[in-house]
Amino acid sequence: MRLIILEDASVVADWAARFVLQRIKEFAPGPGRHFVLGLPTGGTPLGMYRRLIDFYREGKVSFKYVTTFNMDEYVGLPRDHPESYHYYMWHEFFKHVDISPEHAHVLDGTAEDLAAECQRFERLIEEAGGVHLFVGGIGPDGHIAFNEPGSSLVSRTRVKTLAYDTLEANKRFFDNDISKVPSKALTVGVGTVMDAKEVMILITGAHKALALSKAIEEGVNHMWTVSAFQQHAQALFVCDEDATLELRVKTVKYFKSLMGEHNKLIEDHS
Ligand code: GLP
């Protein structure tokens, strides 16, 4: 596991976008050879999307041969609802770059048969050859996607009932009214993300500090589902200083001493 500690959320956004950029460039996608990227929503990745849009506009990257899979979607929100993850992805990212809509997959939370929709999503990932890089965010309770505390660490895409903490954390998007937050969501499983070749988790803010320490300094535990990535061969946690507040000084010092190595990951060799 690599832990990349950066000054603040805007540096995290820039670093994460540069990492995605380098991975896509190194892969050299083309016709019949798509780079497969897993994507999150939420406040944390917004800055990364903005930087990726900049890189696209500057001609540094194209998404023409990139296929994306989003982590999750609320059940029951139509895709044109401003709080649906379809809407978020389209407005914050997809419409600004050259990705083909048929390659940008988001779970359909309005499907009549939700279980079949989840199976379809898993099949699509398989048909795409698996995910090269899954970018994720976490909730303050350490959930990845919508894999709430207690979720199976080998789970696949499915319907989940959201935890009270998640409803609380997300009510800010629904007029601060918890009763307006959908109580269920479709989400990739922890196992689905674990199958990706590489995973990059973005964590910013003091409110996520406990989750980060549970994720990396204690054992693998289904009550903090992001801790599962301790068993992933290629996992990166990219965080800001605030998110390190609950870590041991020794942990922080060690990973900071590796920054020279970590920054090689975002060097442009072209
Ligand atoms: C929701 C999403 C997660 C996301 C989390 C954090 O729970 N399902 O995928 O990581 O929010 O969101 P934010 O980045 O806004 O803190």
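Data block above holds the structure.
Note that the coordinates shown come from a computational prediction; the quantities given were computed from them, not determined experimentally.

## Quick word on helix H1 (residues 9-27)
Taking 1.5 Å of rise per residue, 19 residues should cover 27 Å, and H1 covers 27 Å from first to last C-alpha, within 8% of that figure. The first or second residue beyond H1 is alanine 28, which carries a positive phi of 55°.

## Here we look at the site of the ligand
Near the ligand lie 13 residues; those nearest to it are Gly43, Thr44, Asp72, His143 and Lys208. Between the ligand and the protein, one listed contact pairs an oxygen atom with a side-chain N or O atom of threonine 44 at 2.4 Å. For the ligand, the protein covers 94% of the area, taking 390 Å² as the surface of the free molecule. If you map the ligand onto the pockets, it falls in the largest pocket. Counted by class, the shell around the ligand contains four nonpolar, six polar and three charged residues.

## Regarding helix H4 (residues 114-127)
If you check H4, its first and last C-alpha atoms are 20 Å apart, about what 14 residues at 1.5 Å a residue would give, namely 20 Å. Looking at H4, one finds that the buried residues are Leu114, Glu117, Cys118, Phe121, Glu122 and Ile125. Down the axis of H4, the smallest arc covering the buried residues is 140°, so these residues share one side. Exposed and facing more than 90 degrees away from the buried side of H4 are Gln119, Glu126 and Glu127. On the buried face of H4, the contacting elements are strand S3 (66-70), strand S5 (104-105), strand S7 (158-161), strand S8 (184-187) and helix H6 (190-194). One side-chain oxygen at the N-terminal end of H4 lies 3.3 Å from the backbone nitrogen of alanine 115; it belongs to aspartate 113.

What counts and how
- Residues numbered from 1 in each chain as written.
- Predicted model: local features only at pLDDT ≥ 70, side-chain atom pairs only at ≥ 80, totals over all residues.
- Heavy atoms only, no water.
- Helix = DSSP H or I, 4+ residues; strand = E, 2+ residues; numbered from the N terminus.
- Expected span 1.5 Å × (residues − 1).
- Near = heavy atom within 4 Å.
- Polar contact = N/O pair within 3.5 Å; in protein donor to acceptor, adjacent residues only side chain to side chain.
- Areas by Shrake-Rupley, 256 points an atom, 1.4 Å probe, with all protein chains shown as cover.
- 1 Å grid on protein atoms, 1.4 Å probe; cavity = no way out; pocket = protein on both sides within 12 Å on 5 of 7 lines; lining within 4 Å.
- Sits in = over half its atoms within 2 Å of the grid points.
- Nonpolar A, V, L, I, M, F, W, Y, C, P; charged D, E, K, R; others polar.
- Buried < 20%, exposed > 50% of the residue type's maximum accessible area, 1.4 Å probe, protein only.
- Arc of directions from axis to C-beta.
- Contact = heavy atoms within 4.5 Å.

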